[in-house]
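Remarks on the overall topology
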Amino acid sequence: MSSSSAPLSASLHGTRSAVKRFVLLKSEGFGNGMRTPAIRVPEEKKNSMSGAKGKFSESFMKVVFLLAACVSILCVLLICLFLFSNGLPAIGKIGPVAFLTGMEWRPGSELYGIAPMIVGSLYVTAGAIVTGVPLGVLTAVFMAEFCPKRLYGVLSPAIALLAGVPSILYGFFGLVVMVPFVREVFGGSGKSLLTASILLGIMILPTITSVSEAAIRAVPRSSYEGALALGATHERSVFFAVLPAARSGILAGVVLGIGRSIGETMAVIMVAGNQVLIPESLVRGARTLTANIVLEMGYAADLHREALIGTALVLFVFILILNTSMALSIGRKVP
Amino acid sequence: MDKLIVDKLNLYYGANHALRDIGMAIPAREVTALIGPSGCGKSTFLRTLNRMNDLVEGCRIEGKVTLDGEDIYAEETDVSVLRKRVGMVFQKPTPFAMSVYDNIAFGPRTHGIRARVKLDAIIEKSLRDAAIWDEIKDRLNENALSLSGGQQQRMCIARALAVSPEVLLMDEPTSALDPISTSRIEDLVAELKKEYTIVIVTHNMQQAARISDRTAFFFLGEMIEYDATEKIFSLPDDKRTENYITGRFG
Amino acid sequence: MKTMMRGFEGIKPLSLALRACVLAAAVATVSIIFFIVGYIVVMGVPNITPEIFAWRYDSVNVSLVPALINTAIMTALSLLISAPLGIFAAVYMTEYARRGNRLVPLVRLAAETLAGIPSIVYGLFGMLCFVMTLGWGYSLLAGAFTMAVMILPVIMRTTEEALIAVPDSYREGSFGLGAGRLRTVFSIVLPPAVPGILAGIILCIGRVVGETAALIFTAGTVAKIPDSAFSSVRTLSVHMYSLSSEGLHVDQAYATAVVLLILVIVINMSSVALAKRITEGKCG
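Right, let's walk through the structure included here.

Points about the interface of chain C and chain A
Of the residues lining the interface, 103 residues belong to chain C; the matching set on chain A comes to 99 residues. Here chain C and chain A share an interface that buries about 9200 Å² over both sides, 77% of which is from carbon and sulfur atoms. For the pair chain C and chain A, the number of links is 1 salt bridge. Note that R19 of chain C is salt-bridged to E235 of chain A, the shortest N-O span being 2.4 Å. Run the count over chain C and chain A and you get 6 residue pairs in polar contact (both at pLDDT 80 or more). No other element matches the 20 residues that helix α1 (residues 12-44) of chain C contributes to the side of chain C that touches chain A.

What follows is the structure, encoded as structure tokens:
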């Protein structure tokens, strides 16, 4: 769970509340509706009656709370500041076009093109979506609509468990089990796009499952009953009446999954092969943006180091765009 | 001719005996209203007529319900086909999260109709029958959730009609609607009974009096009285019916 | 007449196919879970030897004890920094900010942004900010601060949710007795929210314990119990990474994997159990 989209996808608990928030945002618009308790005491009245000491600690602590609330804004600003101030100059020096579209990454010869890594990240993420989403959504359908209560009591914690396994353990599992398997079955070194895709698919599985399950459960029962009353079977009602109503929630889960897989580092490094080449087939190795950073940061200096920070910047901006577009699409879609 | 015949129907939710010895014959092409105070079992009864109670855990049914002489609780009965023949409209509109067109087409598609031309015809006819065609014929591709509450409910009626049922069960179809939408639906019911057998649960006695031919009064899981609507509302046999109708309880 | 109610041909196969897909997916998911956990446990448990629990790490015993202790210190330190901040921030958001407050959406946006940042980006930020700019070097402190930033949104969100779940009647009652807002927050609103906050904190512990990418370039990889806050340390997850990328100590890697897995499972299960108790209303 040590990865990107993280707290949201961190566990069953986390993902559930992500959807809860999603639903709330949807119903109240993007903003502050829900968080404000209805009870408000007029500030002036309260202060005029209490003693001077109470008044001081009241206003002092209010400032403390306010400052604490501002810390997260400060953190975001600091992260932006450090990434941009260290990454942008390098991108400027290399040339934005050469940096983003260059096919050669040879720090020795001052060649810093990250196109293969961008493509690698996109491939691996797409692969994870292809493997993880169908499995995750179908499992969610099972959990919400087909699962006997008793089995649910076992299954639900088991999926939460899968969400809690650290990415390094996934990586280790991939390395000792999946890599040899892929090598035996498909040839090549086994460290490949395919291996990474499947492993990431497994890693985003619990996120997709729990978010989708919550979305399915949030659909009013009337949709299901309405379909049944038209003579549809249980399966048909679930797939053609309930699931369409849950699609925006499921989509939110998929976006979380994309965020998680594109930001995933440790597991990918261990199974993707990390060659700086756009892979020609599924069994070839690929290097992601995240892997590029971890592999070379340890010894990089000067422009090389800054180019790596530039890599992180690209990743950061991509995640920002992804999250913002999701937030916006939720904000706009008022039912 | 009696479309539905209910004989010695008993229904239990676990230990709770929710319906007691109900027996009634529902005539074809008439409107039968079920009235009674909340929790009297009238909605539960309605849902036994298309086996929607099958969904409820711990629900057990004894007795017999026949549709055109066929036992709907017989083992070989296909619930899908039963529900196609006995359609249902719910208390609150239940639009699916898809276009109006797909909503109406859901039923026909479920029962194997795929051809676009055929579907188009069914959809137009159902919407016309539900008296909503003129209002929404240009909005068929819009999400059904964007319709107003009254339109949604009439769309749901159209959706139920699209599978050409023989019986239409309506569970307080106007309780969530404003007066204007309510009167539209009442007019619609009067129109629909020419072709369909209608059983309607209502809380509103005036409504029952206005639109139904026969009325059954339910109380505490029993059917107290069942007769022509005029009779029930003018000269009920049972004291409890009279009390309810004159507003002494419920 | 009987035939009227029998199913049409060609309708049900779709339903059957859908059901089969759902069941297959569920079976696959369950098998994946059991295979991963089972594999690590089966391969790892036999390799758990007394040596890997030696007090000091060396390349012969490959002890995980220093890493384990470092993990505990790292977790405690990052919580020490982040928990008060996160809880106070949540208190501001739910108890102080008025409707229409301009800061609230901004804070929420910031927290959501933080929640979405990949851990490797946190790692680079920590390296640039704490390790280099502040000159702390690869150190326990730099790692802990990086982790603190990373878990801040989690603590904020779970605390906020716990506070919102406290019924308004509690606040009303307290205000009605003439208590100020501060007193109401600390003696009336926070206590019933404690289990929820705790569940969030446990979640954060799980994240710190499982984190690797953000720590490699902030806390470093020295496998020793630290002398000071400025010593470089490796946590259990980083230890695991070192073992598996070196490829020299496969047996010990398996053993370490089991220890890490069990640790994380215990942590997460306790968070889930706590959260479940709250929803069932046994707490507060």
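Topic: the packing of aromatic side chains
The description of an aromatic ring pair uses the distance of the two centres, along with the angle that the planes make with each other. Summed over the entire model, instances satisfying the criterion amount to 20 aromatic pairs over all chains. Ring plane angle 55° and centroid distance 4.8 Å describe the contact between F96 of chain B and F106 of chain B, whose orientation is recorded as tilted. In this pair, F96 of chain B is assigned in the loop between β6 (86-89) and α3 (100-110) and F106 of chain B in helix α3, connecting sequence segments 10 residues apart. Take F96 of chain B and F106 of chain B: they sit in the same class, and that class is buried. Here the aromatic rings of F130 of chain C and W136 of chain C are separated by 5.5 Å at their centres, their planes lie at 10°, and the arrangement is stacked. On the accessibility criterion, F130 of chain C (7% relative accessible area) is buried. Stacked on the ring of Y226 of chain B, the Lys or Arg R214 of chain B has its end atom at 4.8 Å from the ring centre. One residue, R181 of chain C, lies across the ring of Y96 of chain C, its end atom 5.8 Å from the ring centre.

Considerations on the packing of helix α11 (residues 234-245) of chain A against α1 of chain C
Where α11 of chain A meets α1 of chain C, the closest approach of the two axes is 8 Å, and the angle between their N-to-C directions is 75°. Our classification of the angle between α11 of chain A and α1 of chain C gives roughly perpendicular. Note on element contacts: α1 of chain C touches α11 of chain A through L14, S15, L18, R19 and V22 of chain C, opposite H234, E235, R236, F239 and F240 of chain A. Considered class by class, the residues forming the contact of α11 of chain A with α1 of chain C number 5 nonpolar, 2 polar and 3 charged.

Structural notes on unusual backbone geometry
The backbone phi angle of E110 of chain A is positive, close to 60°, even though this residue is not glycine. Looking at the element boundaries, E110 of chain A is found in the loop between β1 (105-106) and β2 (111-112). We note that K8 of chain B has phi near 45°; this positive angle belongs to a residue other than glycine. Mapped onto the elements, K8 of chain B comes out in strand β1 (residues 2-13). Its relative accessible area of 58% is what places K8 of chain B among the exposed residues.

Focus: the pattern of salt bridges
All names here are of chain B. All told, the structure shown has 32 salt bridges over all chains when counted by the stated rule. We note a salt bridge from D227 to K231, for which the minimum N-O separation is 3.7 Å. What emerges from the salt-bridge pattern is a single network uniting K3, D68, E70, R85 and E166.

A short note on a nonpolar patch on the surface
Residue and element names in this part refer to chain A. On the surface, a cluster of nonpolar side chains totalling about 320 Å² of accessible area is made up of F84, L88, V317 and I321. For the nonpolar patch, the elements supplying multiple residues, two or more each, are α4 (52-94) and α15 (302-332). By secondary structure assignment, the location of L88 is in helix α4. The exposure class assigned to L88 is partly exposed, which follows from its relative accessible area of 44%.

Reading guide: rules and limits
Residues numbered from 1 in each chain as written. Chains lettered and ligands numbered in written order. Predicted model: local features only at pLDDT ≥ 70, side-chain atom pairs only at ≥ 80, totals over all residues. Heavy atoms only, no water. Contact = heavy atoms within 4.5 Å. Buried area = accessible area lost by both parts, 1.4 Å probe. Salt bridge = Lys/Arg side-chain N within 4 Å of Asp/Glu carboxyl O. Polar contact = N/O pair within 3.5 Å; in protein donor to acceptor, adjacent residues only side chain to side chain. Helix = DSSP H or I, 4+ residues; strand = E, 2+ residues; numbered from the N terminus. Phe/Tyr/Trp six-rings, centres within 6.5 Å; stacked < 30°, edge-to-face > 60°. Buried < 20%, exposed > 50% of the residue type's maximum accessible area, 1.4 Å probe, protein only. Lys NZ or Arg CZ within 6 Å of the ring centre and 35° of its normal. Axes fitted to C-alpha atoms, helices over the stretch in contact; angles between N-to-C directions. Parallel < 35°, antiparallel > 145°, perpendicular 65-115°, else oblique. Nonpolar A, V, L, I, M, F, W, Y, C, P; charged D, E, K, R; others polar. Patch = residues over 30% accessible without salt bridge, like charges linked within 9 Å, V, L, I, M, F, W, Y side chains within 5 Å. Areas by Shrake-Rupley, 256 points an atom, 1.4 Å probe, with all protein chains shown as cover.

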